[in-house]
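Residue-level structural notes
Each chain is listed here by its residues.
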Amino acid sequence: MTPIERLTSILTEQYISEDGDEYKVELKEGLTNQQIDELVRRLPTGQIPPEIRELLKFASGFEFFGFEEVTFDGVGQFGF
């Protein structure tokens, strides 16, 4: 399963918090080729796999209840 397929598989799910509030995963806008190229230049290896480039074009992260936001383009920040 590609990263995009994994991400899209959770988009249709409806989640319910402990308080009974309903919520869904909300995608952040994807990056342009220029933005991805700038990101690649900031990486220690200076490269990213093609499937991750496609993921970044599709979405630059997502917002989800319990997390402020999850980003795929953070360099030099605390992350997973």
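For the structure itself, look to the data block above.
Below or above, wherever it landed, is the structure these notes cover. These numbers were taken from a predicted model, which means no experiment stands behind them. Counting of residues starts from 1 at the beginning of each chain's written sequence and follows it residue by residue. Local features are withheld for residues below a pLDDT of 70 in this predicted model, meaning they are given only at 70 or higher, and side-chain atom pairs are given and counted only at 80 or more; totals for whole chains, interfaces and linings count all residues. Side-chain figures throughout are based on the complete set of non-hydrogen atoms in the structure, without hydrogens or water.

Things to note about the pairing of strand E4 (residues 59–64)
Burial classes: relative accessible area under 20% of the type maximum marks a residue as buried, over 50% as exposed, and values in between as partly exposed (1.4 Å probe, protein chains only). Every helix listed is a DSSP run of H or I at least four residues long, and every strand listed is a run of E at least two residues long, numbered separately from the N terminus. In terms of burial, E4 is a largely internal element, 5 of the 6 residues being buried. Two strands are counted as paired when DSSP detects at least two bridges linking them. One ladder, built from 4 bridges, connects strand E3 (residues 26–29) with E4; its direction is antiparallel. Among the inter-strand pairings, Leu27 is bridged to a residue of E4, identified as Phe62. With 3 bridges joining them, E4 and strand E5 (residues 67–71) adopt antiparallel strand pairing. Across the sheet, residue Gly61 finds its bridge partner in E5, namely Thr71.

Remarks on the nonpolar core
Nonpolar cores were defined as sets of buried Ala, Val, Leu, Ile, Met, Phe, Trp, Tyr and Cys residues, with membership established by side-chain atoms within 4.5 Å. Among the nonpolar cores identified, the biggest contains 8 residues, and these are Leu7, Tyr23, Val25, Leu55, Ala59, Phe62, Phe64 and Val70. Here this core gets 3 residues from one element, more than from any other, and that element is E4. Ignoring sequence-local partners within four residues, the contact set of Tyr23 consists of Glu13, Gln14, Tyr15, Ile16, Ser17, Phe64 and Phe65. It only takes one pair of heavy atoms within 4.5 Å for two residues to be counted as in contact.

All quantities given are derived from atomic positions and should not be read as evidence of function.
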